[in-house]
Amino acid sequence: MTVAEKVIAIIAEQAVLDPSEVRPEMTPADLGIDSLGLVESIFAIEETFDISVPYNANAPHESGFDISSVAAIIRAVEDLVAAKSA
């Protein structure tokens, strides 16, 4: 399973959707994921990939982790995974 597939599976589980229903352009709000659900998704991503996500729920737009869309989350996780491997 690729990074993208794993991230989509985590987001889909939080949104109570089938992964096939999650599209890259969708935002967490589009998927019905609230701030608590987003934090739970971040924790699941950290655990799955053994990475630390620079996300501050109190200041999400200042955290340096782009949560604007599923595609942005995937890119951010891919970058963190690559940095960990380097």
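Cut-offs used in this document
- Residues numbered from 1 in each chain as written.
- Predicted model: local features only at pLDDT ≥ 70, side-chain atom pairs only at ≥ 80, totals over all residues.
- Heavy atoms only, no water.
- Core = buried A, V, L, I, M, F, W, Y, C linked by side-chain atoms within 4.5 Å.
- Buried < 20%, exposed > 50% of the residue type's maximum accessible area, 1.4 Å probe, protein only.
- Helix = DSSP H or I, 4+ residues; strand = E, 2+ residues; numbered from the N terminus.
- Salt bridge = Lys/Arg side-chain N within 4 Å of Asp/Glu carboxyl O.
- pLDDT = per-residue confidence, 0-100.

## Details of the nonpolar core
In this structure, Ile45 and Phe65 are the most contacted members of the largest nonpolar core, which totals 25 residues. Mapped onto this core, the elements with two or more residues apiece are α1 (3-15), α2 (35-49) and α3 (70-85).

## Here we look at the pattern of salt bridges
Enumeration over the complete set of coordinates arrives at two salt bridges. Here arginine 23 ties to glutamate 25 by a salt bridge, and the two come within 2.8 Å at their closest N and O atoms. Relative accessible area serves as the criterion here: at 43%, arginine 23 is assigned to the partly exposed category. Lysine 84 serves as the salt-bridge partner of aspartate 50, at 3.5 Å between the closest nitrogen and oxygen. Residue aspartate 50 is located in the loop between α2 and α3, and its partner lysine 84 is located in helix α3; the two are separated by 34 residues in the primary sequence. Owing to a relative accessible area of 57%, aspartate 50 belongs among the exposed residues under this scheme.

## Topic: the confidence of the model for the chain
The share of residues in the chain with pLDDT of 70 or more is 99%, and the mean pLDDT across the chain is 93. Mean pLDDT in the chain bottoms out at α3, which sits at 94, and peaks at α1, which reaches 97.

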